[in-house]
Every structure is written in C-alpha cells, then in structure tokens.
Amino acid sequence: MRRLNYTLTNEILYYQNIYGNKVRSSRAILDALQPDVLRAFNYYSNNFTNIHINPTPNLNLTDVQSSELENCYNNSTSALNNLKAIIRNQQTGFYRHTCPYCLISNPSTFDHYIPKGEAPIYSVFAKNLIPCCYDCNQIKSTQWRANNHRTIVHFYFDDVNTSTFLNCTLVNHQTIPRITFSLNLNNVSNQNRQLIDGHFTQLNLITRYNLVVSNLVYELAALCQSHQNSLPVLDISQILSDYGNNLINVSRNYWKAIAIIQVARDIQFINNLLNLPL
C-alpha cells in the first residue's frame, strides 16, 4: 500500500469538458456553478487534513444543482471516460492493474472517496476518484469517516508505507500448510494507526487475505515442485526469497510479498509444499 501517482493539474478543465456536452438547461446550471466547483476543488486539495470535519466549503446547493452535479458522473460521456482513462494511466506497472485499497483484485471501478451523494460537488473531481476493485467499492460504500476521523486510506494523500504492519504466520500442517495474517500497529505512527486499523477493519482485509492466500499456497507448491528434482531445498528457498523481495517493492505491506518472504525462511514449510498434492 503506497501513494498512487497523481499528475493532473487544473482539474476544473475536466469539469468544463464533462458539462460542455450537456443539454442547454443542464449546461447553464453547471456553468453557473463553476466558481463554487473551483472553490471546492481548491478546498479539498488544500484542507485535506481536516476534510473529515468539513468535507466541503460552505455551499448552499439546491436539489436541482446537486442532481446535475451527480449526473456529471452518473451519465457516461466521452469526456468522463477520458478523465477515467487519464486517472488510470497515471499509474504504472502493478498499480495500473491492482486495487490500491486491497492489493488483491483488478481496479475495475472508481470509488468516490467522499461519496457523491454526500458531496456532489466532487462527483467528477479527479482527486476524489480512486480506481479500485468492485468488492472494495461495494464494501466501503459511502463510509469513509466515523467518530471524527477518517476510516479509509486516501491513496493520493496518505502515506502509510513508512512502516511494516502486516504480519504473517505459517502453520506447518503436513496435509495442507496454511498461512494466516494479522495486524501489528505498534510501530506505526499515531497519525496513521487509527487510519490503518479503520481501513483494514472496514474493508475486512485480514479475512480476505486469509482466504486468497490459500491459492498462493498451491502456487508456491507448484513452483517448489518444479525445481524439486534439480535443486536442493536451500536453493529453492533462495528462489522464493528473491521472488518475495522483488514483490516487496510494490509495498512494504503487500500481503503476497510478506507471505512469500516468510515461506522462504521456513525450510519445514517448504518441505511440506514439496509434498503437497496439486
């Protein structure tokens, strides 16, 4: 989990492009709102530390105005699709193809970090659109703050990759060796501890990791067994170590990398993988 790339500037131009193709009545409403939209975009960027307290500057939007702003996103247009493509293409390599919220699935949707129903003024604000997977989008839904603090990491603003907080435990059953995960936030800064705990709790990440890692066990077993007749166990351990250390560049808390590195250190676990029926 690390910050996503963000290179867009002058985001108001994307808002203009999106409403520019609306019917005249909608276009007039959205054009008149442009000063408020620009003020809100600047507010979001410059006051994010306290965004959970006051998500928007003081605005008195009518129901009609709110509806038109939400429809900038709800109604698919070429200008909106272009914005989505730009946001996706800002990312390189791993993060172009992986949800930043969970590091499990493909980012097939966009999450409104601050829900558009709560703050329609941010409906097509690029900094509020996080590429993410369907599951994370559904689980998070409209929940992003509780008890006067944010509960979801914002991957354009928050840096939570400064320490390792995801732990991995190996269980050496001869039938099916298992891997389980847990959180250890002791070395995390006070600023990030509550945020990370909320993120993992709300998105049910430990349970989800403990489910998907079962596939990794068989993937690693297949890898180990492919070298079984040609390499000693210590060499297989080194192959796993190199594999895991390459993946850790994705994030210090990438579940897959942490699991592989831990497996590489445990010769008994590797032997169990060598004997695991595929």
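The structure contained in this document is the topic of the report that follows.

Quick notes on the rules
Residues numbered from 1 in each chain as written. Predicted model: local features only at pLDDT ≥ 70, side-chain atom pairs only at ≥ 80, totals over all residues. Heavy atoms only, no water. Core = buried A, V, L, I, M, F, W, Y, C linked by side-chain atoms within 4.5 Å. Buried < 20%, exposed > 50% of the residue type's maximum accessible area, 1.4 Å probe, protein only. Helix = DSSP H or I, 4+ residues; strand = E, 2+ residues; numbered from the N terminus. Contact = heavy atoms within 4.5 Å. 1 Å grid on protein atoms, 1.4 Å probe; cavity = no way out; pocket = protein on both sides within 12 Å on 5 of 7 lines; lining within 4 Å. Points joined across faces, edges and corners; volume = space filled by probe spheres on them. Nonpolar A, V, L, I, M, F, W, Y, C, P; charged D, E, K, R; others polar. Axes fitted to C-alpha atoms, helices over the stretch in contact; angles between N-to-C directions. Parallel < 35°, antiparallel > 145°, perpendicular 65-115°, else oblique. Salt bridge = Lys/Arg side-chain N within 4 Å of Asp/Glu carboxyl O.

### What about the nonpolar core?
Counting 87 residues, the largest nonpolar core has Tyr15, Tyr101, Tyr122 and Ile179 as its most contacted members. Here this core takes eight residues from helix 8 (residues 205-226), the largest share from any one element. Setting aside chain neighbours within four positions, we find isoleucine 179 in contact with Cys168, Thr169, Leu170, Asn210, Val213, Val217, Ala259, Val263 and Phe269.

### Some remarks on the layout of surface pockets
Looking at the largest pocket, its volume works out to about 380 Å³. Along the walls of the largest pocket sit 14 residues, with Thr49, Arg150, Asp158, Gln191 and Leu195 positioned nearest its centre. The leading source of residues in the lining of the largest pocket is helix 7 (residues 190-202), at four residues. Here the residues of the lining of the largest pocket sort into three nonpolar, seven polar and four charged. The computed volume of the second largest pocket comes to approximately 180 Å³. Every residue along the wall of the second largest pocket is listed here: Tyr73, Lys84, Thr109, Phe110, Asp111, His112, Pro115, Lys116, Gly117, Asn137, Ser141 and Thr142. Among the elements that line the lining of the second largest pocket, the one with the most residues is strand 1 (residues 109-112), at four residues.

### A word on the packing of helix 8 against helix 11 (residues 267-274)
Two numbers describe how helix 8 lies on helix 11: the axes approach to 8 Å, and their chain directions differ by 85 degrees. For the element pair helix 8 / helix 11, the angle class is roughly perpendicular. Contacts between helix 8 and helix 11 involve Val217, Leu220, Ala221, Cys224 and Gln225 on the former and, on the latter, Ile270, Leu273 and Leu274. Broken down by class, the residue content of the contact of helix 8 with helix 11 amounts to seven nonpolar, one polar and no charged.

### Re the side chain of lysine 256
Structurally, lysine 256 is set in helix 10 (residues 255-264). Contacts of lysine 256, omitting those with residues within four sequence positions, involve Leu216, Glu219, Tyr243 and Leu247.

### Let's talk about the environment of cysteine 224
Locating cysteine 224 in the fold gives a position in helix 8. Cysteine 224 gets classed as buried once you look at its relative accessible area, which sits at 0%. Residues cysteine 224 and leucine 273, spaced 49 residues apart in sequence, show a C-alpha to C-alpha distance of 7.0 Å. Those residues within four positions of cysteine 224 in sequence are excluded, and the remaining contacts are Ile236, Leu240, Ile270, Leu273 and Leu274.

### Some points on the pattern of salt bridges
This structure, assessed with the given rule, holds six salt bridges. A salt bridge links glutamate 118 to arginine 145; the nearest nitrogen and oxygen atoms lie 2.6 Å apart. Highlighted residues: glutamate 118 in the loop between strand 1 and strand 2 (129-132) and arginine 145 in strand 3 (residues 145-146), separated in sequence by 27 residues. In this structure glutamate 118 comes out as partly exposed when scored by relative accessible area, which is 36%. According to the relative accessible area criterion, arginine 145 is partly exposed, its value standing at 31%. Aspartate 158 is paired through a salt bridge with arginine 150; the nearest N and O atoms lie 2.8 Å apart. One exposure class covers both aspartate 158 and arginine 150, and it is buried.

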